[in-house]
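Below, each chain spelled out in residue letters.
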Amino acid sequence: MQALKLDSSYRPIDIIDAFDAFSMVWCHRAKMVESYKDITFKSTHSEWEVPCVIVLNRYIPALSCSMVCNRKNVLWRDKYICQYCGNRFPYEKLTLDHVIPSSRGGPKTWENIVCCCKRCNQEKGSMLLEEASMELLASPKEPSYNQFRAITKKEIHDKWYPYLQGISYQIEEYT
Ligand SMILES: [Zn+2]
C-alpha cells in the first residue's frame with residue numbers, strides 16, 4: 001500500500017510506502033490529509049488510520065528535485081523507444097548509449113545519454129553520429145519537474161487525483 005507525499009505547498013513529491021507515511025505523521029513531520037477508509041494499522045490496544053495522502057511540514061524547492069541519470073530513468077524519459085531506429089522495446093532489450101562515446105570523453109549526463117536498442121548500440125559502437133551516419137530522434141535533455149515521477153495507471157489511487165492536477169504522469173508499459 002502506498003501514500004502520496006506532498007510538500008507544504010501541496011506539490012506532489014513522491015509516492016512512498018504507507019507505513020513510512022504513517023511514521024512521518026507519527027513523528028509530526030507531516031500531517032495526514034486523506035486516509036484509506038477500509039484499512040487500519042492495529043496494535044493490541046489501538047487502531048490507527050492508514051495514510052493515503054500526507055503533507056510535509058516543509059517546502060521542498062523544485063531545484064532539489066533533480067533526477068538521477070541512470071538506466072531506469074533514461075529509458076523512462078525516452079519512453080522505451082530507441083532514439084536511433086525509433087522502435088519501442090521491452091526494458092530488458094534496451095541499453096544506454098553515450099551520444100559522444102565515453103572513450104572520446106563523452107560525459108554521463110542527461111544531454112549525452114539516450115535509450116538505445118542493442119542492435120543500434122552495436123552498430124554505432126564508439127563512433128560519433130556523423131561517423132556512423134546515424135541521427136537522433138530528438139536531442140536529449142534532463143526531464144523537467146513535471147515529468148519528475150512516472151506513475152503507473154494502476155498505482156494511482158482515486159484520492160490522489162485532486163493533488164495530481166498539472167502534473168503530467170505517464171503510463172509505464174514496461175515495468
Ligand atoms: Zn535501435
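Along each chain, residues carry numbers from 1 onward, in the same order as the chain's sequence is written. At least 70 in pLDDT is required for a residue's local features to be given in this predicted model, at least 80 for side-chain atom pairs to be given and counted, and no such filter applies to totals for whole chains, interfaces and linings, which use all residues. To obtain the side-chain values, all non-hydrogen atoms of the structure were included, while hydrogens and water were left out.

Student: Give a detailed account of the overall build of the chain, specifying residues and quantitative values.
Tutor: Secondary structure elements are taken from DSSP: a helix is a run of H or I of four residues or more, a strand is a run of E of two residues or more, and numbering for both begins at the N terminus. A tally of helices and strands in the chain yields 4 helices and 6 strands. Moving toward the C terminus, one meets the helices and strands of the chain in the order β-β-α-β-β-α-β-β-α-α. Relative accessibility decides the category of a residue: with a 1.4 Å probe and only protein chains considered, values under 20% of the type maximum give buried, values over 50% give exposed, and everything between is partly exposed. Taking all 175 residues of the chain together, the buried fraction comes to 40%. We call two residues in contact when some of their heavy atoms are within 4.5 Å. The contacts in the chain between residues at least 6 apart in sequence include a share of 56% that link residues at least 24 apart. Throughout, the Shrake-Rupley method with a 1.4 Å probe supplies accessible areas, and for residues the shown protein chains are the sole cover considered. When the accessible area of the chain is evaluated, it comes to approximately 10,300 Å², of which 52% is carbon and sulfur surface.

Student: Kindly report on the packing of aromatic side chains, identifying the contributing residues and their values.
Tutor: One pair of aromatic rings is described through two measures. These are the centre distance and the angle between the planes. In this scheme Phe, Tyr and Trp rings, the latter by its six-membered ring, pair at centre separations within 6.5 Å, and the angle between planes marks the pair as stacked below 30 degrees, edge-to-face above 60, and tilted otherwise. For the structure on display, the rule yields 7 aromatic pairs. An angle of 80° between the planes, with centres 5.3 Å apart, marks the rings of Phe19 and Phe41 as edge-to-face. Within this pair, whereas Phe19 is found in helix H1 (residues 18-26), its partner Phe41 is found in strand E3 (residues 30-42), the two being separated by 22 residues in sequence. Phe19 sits in the partly exposed class, given a relative accessible area of 46%. Taken together, the aromatic side chains of Phe19, Phe22, Trp26, Phe41 and Trp48 make up a single cluster linked through ring pairs. In this structure, Arg71 packs its charged tip against the face of Tyr91, placed 4.4 Å from the ring centre. Here, over-ring charges are defined by two tests on the NZ atom of lysine or the CZ atom of arginine: distance to the ring centre within 6 Å, and angle to the ring normal within 35 degrees.

Student: Outline the confidence of the model for the chain, listing residues and values.
Tutor: Chain-level pLDDT for the chain is 85 on average; 83% of the residues reach the 70-or-more range. The predictor rates its confidence in each residue with pLDDT, a number between 0 and 100. Ranking the elements of the chain by mean pLDDT puts strand E2 (residues 12-17) last with 83 and strand E6 (residues 113-117) first with 97. Taken together, the stretch residues 168-175 has pLDDT below 50 and engages in 24 contacts with residues farther than four places along the chain or on a different chain.

Student: So what's going on with the pairing of E6? Residues and values would help.
Tutor: In terms of burial, E6 is largely enclosed, as 5 of its 5 residues are buried. Side chains Ile113, Cys115 and Cys117 project from E6 onto one buried face, and the interleaved Val114 and Cys116 project onto a second face that is buried too. Only when DSSP finds a minimum of two bridges between them are two strands counted as paired. Where strand E5 (residues 94-98) and E6 come together, 5 bridges link them in antiparallel fashion. Note that in E6 the partner of Asp97 across the bridge is Val114.

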